[in-house]
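Chain by chain, the residues run as shown.
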Amino acid sequence: MSNVDQPQNLLGDKPFDGAAPGTPPAKTTGGQPAYFSCWDVHAYYGESYIVQGVSFDVREGEIVALLGRNGAGKTSTLRAIARVDDPALKHGEIWLDHQPLHEMKSYQAAQIGIGLVPEDRRIIQGLTVEENLKLAQIAPPVGWSIERIYDLFPRLGERRGQEGTTLSGGEQQMLAIGRTLARDVKLLLLDEPYEGLAPVIVQEIERTLDQIKSLGMTTIIVEQNAIAALHLADRAIILDMGQVVFDGKSQEVLDNADLRQQYLAI
Ligand SMILES: Nc1ncnc2c1ncn2[C@@H]1O[C@H](COP(=O)(O)OP(=O)(O)OP(=O)(O)O)[C@@H](O)[C@H]1O
Ligand SMILES: [Mg+2]
């Protein structure tokens, strides 16, 4: 957008000096860098200025629901964190466990523990369930064993020899999550894990995410089904037009009908 100022201090102008990242994010944890932290992230698709100065922290083991209306910038924020090429990160710092994601490519972000489960699931055609999982483990660092993934998702174990793309939508979502856990994940990014699924399957995946939560997996969940996400998450961040408009406890959003109406239309 031409009427928006270009952010200053483009990446590379300001190398990390070992201190806590820049100005602390909106909610800081007593001055210490959080386990995961975005600070003043600006990202563009070509000329389109989409992520407009997003800052937030996630503590280790915490589940954060990233919410907002259609087009608010949720997927774009997850993609910026995972360091995929589009949207291009033009300004800001992103830290995971003291490592500068903003200086990395997507493959490096994956190597240090970013696990993005994209909305479209991307199950690889022509491979069985088990081959999809094994492929995820082809390069270190390896995460959960395949048997452990089958313990979490017994349906995947039952269908281990079936071609992944012939699974039901819910089973494909389980495979997409399982495949991510097969790698050594420090921050799980879930983009609309319940999308297009029948309520009974949503409940099944919710139970699994509860189990993953009890194991202490640090997670950011984006979900149109905001109520389900709020019940799972400890904290909620609401985006509107590419900016953070709320950062607080999930319960505060559940208790605040005006806030939900204004930014989530529920
Ligand atoms: N590849 C792209 N090129 C240009 N603009 C894009 C692209 N992808 C998304 N956008 C725009 O960026 C804005 C934010 O999109 P984004 O997908 O991040 O929103 P979202 O909050 O995930 O929405 P939804 O709930 O619909 O998934 C929207 O205005 C969208 O049209
Ligand atoms: Mg989206």
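None of these values were measured; they are calculated from a predicted model. (Residues numbered from 1 in each chain as written. Chains lettered and ligands numbered in written order. Predicted model: local features only at pLDDT ≥ 70, side-chain atom pairs only at ≥ 80, totals over all residues.)

Undergrad: Could you give an account of the sheet that holds strand β10 (residues 243-249), naming the residues involved and the relevant values?
TA: Overall, mixed pairing links the six strands, which are arranged β6-β7-β8-β3-β9-β10 in an open sheet. With one partner strand each, in any of the chains shown, β6 (114-117) and β10 form the two edges of the open sheet. Averaged over all pairs of adjacent strands, the angle between strand axes in this sheet comes to 15°, irrespective of strand direction. Across six bridges, the pairing between strand β9 (residues 235-240) and β10 is antiparallel. Across the sheet, residue I238 finds its bridge partner in β10, namely F246. (Pairing = 2+ DSSP bridges. Helix = DSSP H or I, 4+ residues; strand = E, 2+ residues; numbered from the N terminus. Axes fitted to C-alpha atoms, helices over the stretch in contact; angles between N-to-C directions.)

Undergrad: Pulling in residues and values, what's your account of the sheet that holds strand β1 (residues 36-45)?
TA: Pairing is antiparallel in the open sheet, where four strands are placed in the order β2-β1-β4-β5. In this open sheet, the two strands that pair with only one neighbour each are β2 (48-58) and β5 (99-100). Judged from the eight bridges that link them, β1 and β2 form a sheet pairing that is antiparallel. Each bridged residue has a counterpart across the sheet, and for V41 the counterpart in β2 is V54. The strands touched by helix α1 (residues 74-82) within the sheet are β1, β2 and β4 (88-96), with β2 carrying the most contacts at an inclination of about 70°. (Contact = placed C-beta atoms within 7 Å.)

Undergrad: Got a sec to walk through the packing of helix α3 (residues 129-136) against helix α6 (residues 169-181)? Specific residues and values, please.
TA: Viewed as axis vectors pointing N to C, α3 and α6 meet at an angle of 30°, and their least axial separation amounts to 8 Å. Between α3 and α6, the angle is such that the two are roughly parallel. Considering how the two elements wind past one another, α3 and α6 form a crossing that is right-handed. Judged by residue contacts, V129, N132, L133 and A136 of α3 engage L175, G178 and R179 from α6. A per-class count over the contact of α3 with α6 returns four nonpolar, two polar and one charged. (Parallel < 35°, antiparallel > 145°, perpendicular 65-115°, else oblique. Left-handed = near helix turned anticlockwise from the far one by under 90°. Nonpolar A, V, L, I, M, F, W, Y, C, P; charged D, E, K, R; others polar.)

Undergrad: I'd love a proper account of the pairing of strand β8 (residues 218-222), names of residues and values included.
TA: Counting buried positions along β8 gives five out of five residues, so the element sits mostly inside the fold. Neither face of β8 is left uncovered, since the one carrying T218, I220 and V222 and the one carrying T219 and I221 both have all their residues buried. When strand β3 (residues 63-67) meets β8, the two strands line up parallel, connected through four bridges. Within the sheet, the bridge partner assigned to V64 lies in β8 and is I220. Sheet topology note: the strand β7 (residues 187-191)/β8 ladder contains five bridges and is parallel. Residue L187 lies in a different strand from β8, and its bridge partner there is T218. With helix α7 (residues 199-214) bridging β7 and its parallel neighbour β8, the resulting β-α-β unit is right-handed. (Buried ≥ 20, exposed ≤ 12 C-beta atoms within 10 Å, placed from the backbone. Right-handed = clockwise from strand over helix to strand, strands pointing away.)

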